[in-house]
Amino acid sequence: MLWTDTKLGSIAVEGKTLGTDEWTNTPSSILSAISRRLHLQKDHPLSITRQLIESCFPGFKCHNSLSPVVSVQQNFDSLGFPPDHPGRRPSDTYYINRNTVLRTHTSAHQADTFRANQSDGYLITADVYRRDAVDRSHYPVFHQMEGARTWDRTRVNSVRLAQVINDDIARMPTHDISVLDPNPTIDPEHNPRQMQHSVEETELMTMHLKRSLENLIVKIFDKARKAAMASGDTDPYFQEPLKVRWVQAYFPFTSPSWELEVFWGGDWLEMLGCGIVKQELLNNAGVPERIGWAFGLGLERIAMLLFSIPDIRLFWSQDPRFLSQFRAAHSKGHPEDTTITRFSPFSKHPACYKDVAFWIPKTSSSAGGNVGANTQDFHENDVMELVRDIAGAKVEEVRLVDTFVHPTSGRKSLCYRINYRSLERTLTNQESNELHEKIRAALVERLGVQIR
Ligand code: PHE
């Protein structure tokens, strides 16, 4: 697949000019999001959510302006992602060129931040980029928050280190929510301890990690519950005590690893990933004496629950009817004092859907040779991105509604339903027709499909 941008030979981003190559797959519509910095915009719900979470980690150093342009080494290699990990595929990741990507997660900065070794604890909030589906909860640019806490083993002997972590745990606030945690901390087969860490160190760091994150969830969901009640929502689940559960997980850069889920609105929702940082990562970052934990969470996900925001596109809205609804605590106040108010939707504008069906080109892989983002076979995310590129936030959802394989020729046809709806106004029929026409033409031109 060829992107016209790549023919220019270079991309200007964040004041730097970077050469393009056959891996380049980042369209200008994505590059233009980099300067928005929603997590730093005063009174923006993402910024309010960030400050609320920061207030749960006193003493942690906060990094909020790290550039999204990182090396493949930073985003994947330094974290131990194997060479064939699906996250590296150009169908999932935005490449500036073969060696440079837009970070797909805030963990891209772990190694550098550990190397700088400026504080025992740190938080990183940043925009991250992933090629993905188009619907109400996915947007190719979103925000993550990463946190880590490490201890220096050489300052004390191992017996004393256990005491230090124990004392740190004793100083933390307690909570009274119900926590389901059915698995042992160390499960040699599914969630092993690292051989460089003793059982006691692993147990204590895990206890510190879990308590820190449970406290975070308690704070956020207490706010969300208050906001719901204040808005007159009488759903019975707001009255029930909060329930969370720990689920075993896998990340290439932590072990053991978990996800934390919250029971909210009748469902278990995954809130964050975390674990004990791989010692190899810390060793490679020049701090072999440190051991500790890390977590990562998606800010939109939390902000959508907290403020009851129904569509992820709203975060990008510049409409005062959206932005004026949110207020951070007064500058002298503490973020914890912020009262969360639920979003009240301005009128919902009518949707209009249109289908497009096409034959996809025969796979080119048999031809061999070229690899790189521009020469990959057809991938659904290419359709998603093309629609974003042309219709932007005027599309609410793109959904595959039919697949058909021709019985004799073996050719495959797909039918996508595109839901056109602006959050800000009613689209005219002519407008959505024109957008749909442009999309059909671009599918042929850029992806080489044949419209049915
Ligand atoms: N980076 C992981 C993600 O994007 C989350 C994570 C961060 C997990 C830190 C463990 C430790 O899913």
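All values reported here derive from a predicted model rather than from experimental measurement.

1. Quick look at the environment of Arg50
Looking at the element boundaries, Arg50 is found in helix α2 (residues 45–54). Along the sequence, Arg50 and Leu299 sit 249 residues apart, while their C-alpha atoms lie 7.4 Å from each other. Residue contacts for Arg50: discarding those within four places in its chain leaves His39, Leu40, Asn64, Thr125, Met145 and Leu299. Reaching out from Arg50, the side chain makes a polar contact with the backbone oxygen of His39 at a distance of 2.7 Å.

2. Side note on the confidence of the model for the chain
Per-residue confidence for the chain averages 91 on the pLDDT scale, and 94% of its residues sit at or above 70. Predicted confidence for residues 1–6 stays below pLDDT 50, and this span has 24 contacts to residues more than four positions away or in other chains. When the criterion is pLDDT under 50, residues 366–370 qualifies, and its contacts beyond four places in sequence or with other chains add up to one contact.

3. Re unusual backbone geometry
Across the junction of Ser255 and Pro256, the peptide omega takes the value -10°, indicating a cis bond. Mapped onto the secondary structure, Pro256 falls in strand β11 (residues 254–264). Phi at Ser308 takes a positive value of approximately 60°, unusual for a residue other than glycine.

4. Notes on the layout of surface pockets
Estimates place the volume of the largest pocket at around 1,300 Å³. Arg130, Phe142, Gln144, Glu270 and Gly298 are the residues nearest the centre of the largest pocket, which is lined by 49 residues in total. Those elements that provide at least two residues to the lining of the largest pocket are β8 (141–152), β10 (243–251), β11, β12 (267–277), β13 (290–298) and α8 (299–307). Take the lining of the largest pocket: its biggest share by element is seven residues, from β12. Here the lining of the largest pocket is composed, by residue class, of 22 nonpolar, 18 polar and nine charged.

5. Examining the pairing of β10
Relative to β10, strand β9 (residues 178–180) runs parallel, the two sharing three bridges. Bridge assignment links Val179 to a residue of β10, and that residue is Val244. The hairpin formed by β10 and β11 contains two residues between the paired strands.

6. Some thoughts on the packing of helix α5 (residues 158–171) against helix α6 (residues 199–230)
Two elements in contact, α5 and α6, have axes whose closest approach is 10 Å; the angle formed by their N-to-C orientations is 15°. As the angle between them shows, α5 and α6 are arranged roughly parallel. The interaxial crossing formed by α5 with α6 has left-handed handedness. In contact with Leu161, Ala162, Ile165, Asn166, Asp168 and Ile169 of α5, α6 contributes Glu200, Glu201, Leu204, Met205, Met207, His208 and Arg211. Of the residues in the contact of α5 with α6, the class split is seven nonpolar, two polar and four charged.

7. Here we look at the sheet that holds β10
Pairing within the open sheet is mixed, and its eight strands lie in the order β3-β7-β8-β13-β12-β11-β10-β9. This sheet does not close on itself; its edge strands, each paired only once, are β3 (61–63) and β9. With strand direction ignored, the average angle separating the axes of adjacent strands in the sheet is 25°. Bridge count between strand β7 (residues 121–129) and β8: nine bridges; the pairing is antiparallel. Residue Val128 lies in a different strand from β8, and its bridge partner there is Phe142. Docked against the sheet, α2 engages β3, β7, β8 and β13, running at close to 10° with respect to β8. Each of β8 and β13 touches α5; the most contacted strand, β8, lies at about 130° to it.

8. Thoughts on the pattern of salt bridges
This model, assessed by the stated rule, comprises 27 salt bridges. With its nearest N and O atoms 3.3 Å apart, the salt bridge here joins Arg37 to Glu14. Of this pair, Arg37 sits in the loop between α1 (28–31) and α2 while Glu14 is found in the loop between β1 (10–13) and β2 (16–19), placing the two residues 23 residues apart along the sequence. Given the relative accessible area of 32%, Arg37 is considered partly exposed. Its salt-bridge partner being Asp77, residue Arg88 comes within 2.7 Å of it at the nearest N-O pair. Taken together, the residues Arg88 in the loop between α3 (72–75) and β5 (95–97) and Asp77 in the loop between α3 and β5 connect sequence positions eleven residues apart. Owing to a relative accessible area of 13%, Arg88 belongs among the buried residues under this scheme. For Asp77, a relative accessible area of 36% puts it in the partly exposed group.

9. Here we look at the site of the ligand
Near the ligand there are 14 residues, and of these His105, Ser107, Arg130, Gln144 and Gly296 occur at the shortest range. In the model, a nitrogen atom of the ligand is placed 3.1 Å from a nitrogen or oxygen of the His105 side chain. Looking at the shell around the ligand, the elements that each hand over two or more residues are β8, β12 and β13. With three residues, the single largest contributor to the shell around the ligand is β13. Tallied by class, residues from the shell around the ligand come to five nonpolar, seven polar and two charged.

The rules behind these values
- Residues numbered from 1 in each chain as written.
- Predicted model: local features only at pLDDT ≥ 70, side-chain atom pairs only at ≥ 80, totals over all residues.
- Heavy atoms only, no water.
- Helix = DSSP H or I, 4+ residues; strand = E, 2+ residues; numbered from the N terminus.
- Contact = heavy atoms within 4.5 Å.
- Polar contact = N/O pair within 3.5 Å; in protein donor to acceptor, adjacent residues only side chain to side chain.
- pLDDT = per-residue confidence, 0-100.
- 1 Å grid on protein atoms, 1.4 Å probe; cavity = no way out; pocket = protein on both sides within 12 Å on 5 of 7 lines; lining within 4 Å.
- Points joined across faces, edges and corners; volume = space filled by probe spheres on them.
- Nonpolar A, V, L, I, M, F, W, Y, C, P; charged D, E, K, R; others polar.
- Pairing = 2+ DSSP bridges.
- Axes fitted to C-alpha atoms, helices over the stretch in contact; angles between N-to-C directions.
- Parallel < 35°, antiparallel > 145°, perpendicular 65-115°, else oblique.
- Left-handed = near helix turned anticlockwise from the far one by under 90°.
- Salt bridge = Lys/Arg side-chain N within 4 Å of Asp/Glu carboxyl O.
- Buried < 20%, exposed > 50% of the residue type's maximum accessible area, 1.4 Å probe, protein only.
- Near = heavy atom within 4 Å.

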